[in-house]
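Chain residues, written in single-letter form:
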Amino acid sequence: MAWTPWRKIADEADWYVDHCLRIPVCFELALASLKDRDAPVVHYVGAAKSEAGELEHLAEGAHPIRPQVVAELKGGCALYYRATGAPSLEQAQALCQERLASLEATPTWNQGS
């Protein structure tokens, strides 16, 4: 499956997590400055049983990377999201590992996890 386009899901003012799918996904979270409109920079790669569940979990404050996300949002960044679907959670996790292996460096929020 192809990656979705980048979609803004949060800024300092609000979270925009509506219109999510309830399928397994490999996903990326990225930050971009609201001031200079740079391309989003990936800070986290993950896999989830449900796209909607994962984003709701993050928006509600229960996700382990939530403190880092909030700090960046308060600093003037927006949070962006993109995903690719998978038939099962196991396949989404395999896609996640492939994606992490293809990157030059481990994304900031994946370090130590």
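Structure shown above.
Summarised in this report is the structure supplied together with it. The model shown is predicted, which means the values in this text are computed figures rather than measured ones.

**Topic: helix α2 (residues 66–74)**
Where α2 is concerned, the buried positions are Arg 66, Val 69 and Leu 73. All buried residues of α2 project into a common sector of 60° when viewed along the axis, lining one side. Exposed side of α2, more than 90 degrees from the buried face: Pro 67 and Lys 74 are the residues found there. Buried residues along α2 sit in contact with β1 (7–10), α1 (51–60) and β4 (77–85).

**Structural notes on the sheet that holds strand β2 (residues 25–33)**
With antiparallel pairing, the four strands of this open sheet are ordered in space as β1-β4-β2-β3. Strands with a single pairing partner mark the edges of an open sheet, and in this sheet they are β1 and β3 (41–48). Between one strand and the next, the sheet's axes are offset by a mean angle of 35°, whatever the strand orientation. Two elements, β2 and β3, share seven bridges in a ladder whose sense is antiparallel. Pairing of Leu 31 across the sheet is with Val 41, part of β3. In this fold α1 packs onto β1, β2, β3 and β4, with an angle of close to 160° to the strand it touches most, β4. In the packing of helix α3 (residues 89–102) onto the sheet, the strands contacted are β2, β3 and β4, and the crossing angle to β3 comes to about 155°.

**Examining the packing of aromatic side chains**
Scanning the entire structure with this criterion turns up two aromatic pairs. Pairing Phe 27 with Tyr 44 gives two aromatic rings, centres 5.9 Å apart and planes at 40°, and the pair type is tilted. A residue pair is termed long-range when its members are at least 10 positions apart, and Phe 27 in strand β2 and Tyr 44 in strand β3 qualify at 17 residues. On the accessibility criterion, Phe 27 (2% relative accessible area) is buried. Judged by relative accessible area, Tyr 44 falls into the buried class, the value being 14%. Through successive ring pairs, a cluster of aromatic residues spans Phe 27, Tyr 44 and Tyr 81. The lysine or arginine in question, Arg 82, covers the ring of Trp 3, its NZ or CZ lying 4.6 Å from the ring centre.

**With respect to the pattern of salt bridges**
Taken as a whole and judged by the stated rule, the model has four salt bridges. One salt bridge in this structure joins Glu 28 and Arg 82, with 2.7 Å as the shortest N-O distance. With a gap of 54 residues between them, Glu 28 in strand β2 and Arg 82 in strand β4 connect regions that are remote in the sequence. There is no split in this pair, since Glu 28 and Arg 82 are both buried. Its salt-bridge partner being Glu 28, residue Arg 99 comes within 2.4 Å of it at the nearest N-O pair. Of this pair, Arg 99 sits in helix α3 while Glu 28 sits in strand β2, and the two are 71 residues apart along the sequence.

About the criteria used
Residues numbered from 1 in each chain as written. Predicted model: local features only at pLDDT ≥ 70, side-chain atom pairs only at ≥ 80, totals over all residues. Heavy atoms only, no water. Buried < 20%, exposed > 50% of the residue type's maximum accessible area, 1.4 Å probe, protein only. Helix = DSSP H or I, 4+ residues; strand = E, 2+ residues; numbered from the N terminus. Arc of directions from axis to C-beta. Contact = heavy atoms within 4.5 Å. Pairing = 2+ DSSP bridges. Axes fitted to C-alpha atoms, helices over the stretch in contact; angles between N-to-C directions. Phe/Tyr/Trp six-rings, centres within 6.5 Å; stacked < 30°, edge-to-face > 60°. Lys NZ or Arg CZ within 6 Å of the ring centre and 35° of its normal. Salt bridge = Lys/Arg side-chain N within 4 Å of Asp/Glu carboxyl O.

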